[in-house]
Amino acid sequence: MTARVLQRLIPSIAASDGAGVKIKRSLGQNPHTRLDPFLMLDFFGSDKAGDYIKGFPPHPHRGFETVTYMLDGHMLHEDHLGNQGHLKSGGVQWMTAGRGIIHSEMPQQEAGLMQGFQLWLNLPAKEKMKAAAYVDIAPEQIPQLNLPQGSAKVIAGTLQSGNLQQSGPIQGLTTDPQYYDLQLEAGQSISLQLPVTHNAFVYPYAGQVLVQDDKELRKVPEHHAGVLTHGNTLTLVAEHSSRVLVLAAAPIGEPIVQYGPFVMNSMAEIEQAISDYQQGKLTGDTAAATIQLAQ
């Protein structure tokens, strides 16, 4: 067994997106802060309505997947065909933009706390032009485990720790994403088995965590992405109570050319995406399919 150790830290930077929503961006600040196949990770969190109330008006995507995980709050998703989905506290929307989708994400609250994450996950070239698809995953559809160390939610992939194994609702995607939300109590540690060839990182969003190897404990501060080396096992230690995302996925190993909400493999494909959007051809006028959840 080979331990995954901390390779580098990517501190979050303050930014804004959509119509001025205040965010913290770690992965995706620039091309050097990606981790194949992860393109971007944004955290949004505020109890000040002015930081989020204008939301994300209609905008396009092509060539990748977006994963929105709501910790607190209520967001309404609408696409170019008039489909609607309500994303509430504890819920997830997994959207494959494929060849194209135009959608909006607008807050349905005028006060109170809204916080969560949006992750961008790349698609291989052979899947970038497939039909769009998405699914809204209600909180009760996401397995939550009570552990001696705290608790865990399994959004995608299969969490393995010792003899414990729990699969999440998202399975069978090409990059085999693993997406866990862990709550660790003070003084506790947990060891996870991750696919050895996957790229992986951790993101503490309440408190900090320590990554353990044979020699030392290395700190990942709050709102930093801790990129990990390859290996079989990951051991996290919490000096104080903490919440941390663990994400891993199989790298694609293809060229990435990004222009705003379009992520393709060449500039010619980006130019085609822009032209398709300007001419109203981005989506191909096809209905978005529904991603089937694992049973």
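Here, the structure is the one placed above.
Residues numbered from 1 in each chain as written. Predicted model: local features only at pLDDT ≥ 70, side-chain atom pairs only at ≥ 80, totals over all residues. Heavy atoms only, no water.

### A look at the overall build of the protein
Summing up its helical and strand segments, the protein has one helix and 27 strands in all. In terms of its C-alpha atoms, the protein occupies a principal-axis envelope of roughly 55 × 45 × 40 Å. A burial count over the protein gives 54% of its 295 residues as buried. For the protein, the share of sequence-separated contacts (at least 6 apart) that also reach a separation of at least 24 residues comes to 73%. Accessible surface, the protein: about 12,600 Å² in total, of which carbon and sulfur atoms supply 48%. Placing the 20 positive and 27 negative side-chain charges of the protein at their respective mean positions leaves the two points 4 Å apart. (Helix = DSSP H or I, 4+ residues; strand = E, 2+ residues; numbered from the N terminus. Buried < 20%, exposed > 50% of the residue type's maximum accessible area, 1.4 Å probe, protein only. Contact = heavy atoms within 4.5 Å. Areas by Shrake-Rupley, 256 points an atom, 1.4 Å probe, with all protein chains shown as cover. Lys, Arg positive; Asp, Glu negative; His and termini not counted. Charge placed at Lys NZ, Arg CZ, Asp CG, Glu CD.)

### As for the nonpolar core
As a rule of thumb, soluble globular proteins bury nonpolar side chains together. Core analysis: the biggest nonpolar cluster contains 30 residues, and Phe 38, Trp 94, Phe 117, Tyr 179, Phe 201 and Tyr 203 have the highest contact counts within it. In contact with Phe 201, not counting residues within four places along its chain, are Leu 27, Leu 35, Phe 38, Leu 41, Ala 225, Gly 226, Val 227, Leu 228, Leu 245, Val 246 and Leu 247. (Core = buried A, V, L, I, M, F, W, Y, C linked by side-chain atoms within 4.5 Å.)

### Here we look at the pattern of salt bridges
One pass over the structure, following the stated rule, counts six salt bridges. In this structure, Asp 51 and Lys 22 form a salt bridge, with 3.4 Å as the shortest nitrogen-oxygen distance. Within this pair, whereas Asp 51 is found in the loop between β4 (38-46) and β5 (56-61), its partner Lys 22 is found in strand β3 (residues 21-25), the two being separated by 29 residues in sequence. For Asp 51, a relative accessible area of 16% gives the class buried. (Salt bridge = Lys/Arg side-chain N within 4 Å of Asp/Glu carboxyl O.)

### Points about the sheet that holds strand β17 (residues 178-184)
Paired through backbone hydrogen bonds, the strands of a sheet run either parallel or antiparallel to each other. Strands sit in the order β1-β22-β19-β24-β17-β14-β13 across an open sheet of seven strands; the sheet is antiparallel. Edge strands, defined here as strands with exactly one partner in the open sheet, are β1 (6-11) and β13 (144-147). Averaged over neighbouring strand pairs, the angle between their axes works out to 20° when direction is ignored. Two strands pair when backbone bridges link them, and strand β19 (residues 199-206) and strand β22 (residues 224-228) are joined in this way by two bridges, in the antiparallel orientation. By the bridge assignment, Phe 201 is partnered in β22 with Val 227. (Pairing = 2+ DSSP bridges. Axes fitted to C-alpha atoms, helices over the stretch in contact; angles between N-to-C directions.)

### Describing the side chain of Ser 26
Relative to the elements of secondary structure, Ser 26 occurs in the loop between β3 and β4. Taking relative accessible area as the criterion, Ser 26 reaches 0% and is therefore assigned buried. If near-sequence neighbours (up to four positions away) are discounted, Ser 26 is found in contact with Ile 10, Pro 11, Ser 12, Thr 33, Leu 41, Tyr 203 and Ala 225.

### Looking at the sheet that holds strand β10 (residues 101-107)
On the basis of which strands lie adjacent, the open sheet formed by four strands has the order β5-β10-β7-β8 and antiparallel pairing. Pairing within the sheet leaves two strands with one partner each, and these edge strands are β5 and β8 (84-88). The average angle at which neighbouring strand axes cross in this sheet is 25°, direction not considered. With five bridges connecting them, strand β7 (residues 74-79) and β8 associate as antiparallel partners. When the bridges of β8 are listed, His 74 appears paired with Lys 88.

### A few points about the pairing of strand β20 (residues 209-212)
In the sheet, β20 pairs with strand β21 (residues 217-220) via four bridges, with the strands oriented antiparallel. Residue pairing for β21: Gln 212 is matched across the bridge by Leu 217. Counted between consecutive antiparallel strands, the loop separating β20 from β21 contains four residues. As paired elements, β20 and strand β23 (residues 233-237) share two bridges and run antiparallel to each other. Across the sheet, the residue bridging to Leu 210 is Val 237, located in β23.

### As for the pairing of strand β11 (residues 114-122)
A large share of β11 lies buried, amounting to nine of its nine residues. Judged by which residues are buried, β11 turns out to be covered on both faces: Met 114, Gly 116, Gln 118, Trp 120 and Asn 122 on one side and Gln 115, Phe 117, Leu 119 and Leu 121 on the other are all buried. Here β4 pairs with β11 via eight bridges, running antiparallel. When the bridges of β11 are listed, Leu 41 appears paired with Leu 119. Across eight bridges, the pairing between strand β6 (residues 64-72) and β11 is antiparallel. Among the inter-strand pairings, Tyr 69 is bridged to a residue of β11, identified as Phe 117.

### Some details on helix α1 (residues 267-278)
Here α1 contains twelve residues, and its C-alpha end-to-end distance of 17 Å stays within 8% of the 16 Å for a straight helix at 1.5 Å per residue. Every buried residue belonging to α1 is among Ile 270, Ala 273 and Asp 276, and all of these are buried. One face of α1 carries all of its buried residues, which in axial projection span an arc of 125°. Along α1, the residues that are exposed and aim more than 90 degrees away from the buried face are Ala 268 and Gln 278. In this structure, the buried residues of α1 make contact with β25 (257-259) and β26 (262-264). (Expected span 1.5 Å × (residues − 1). Arc of directions from axis to C-beta.)

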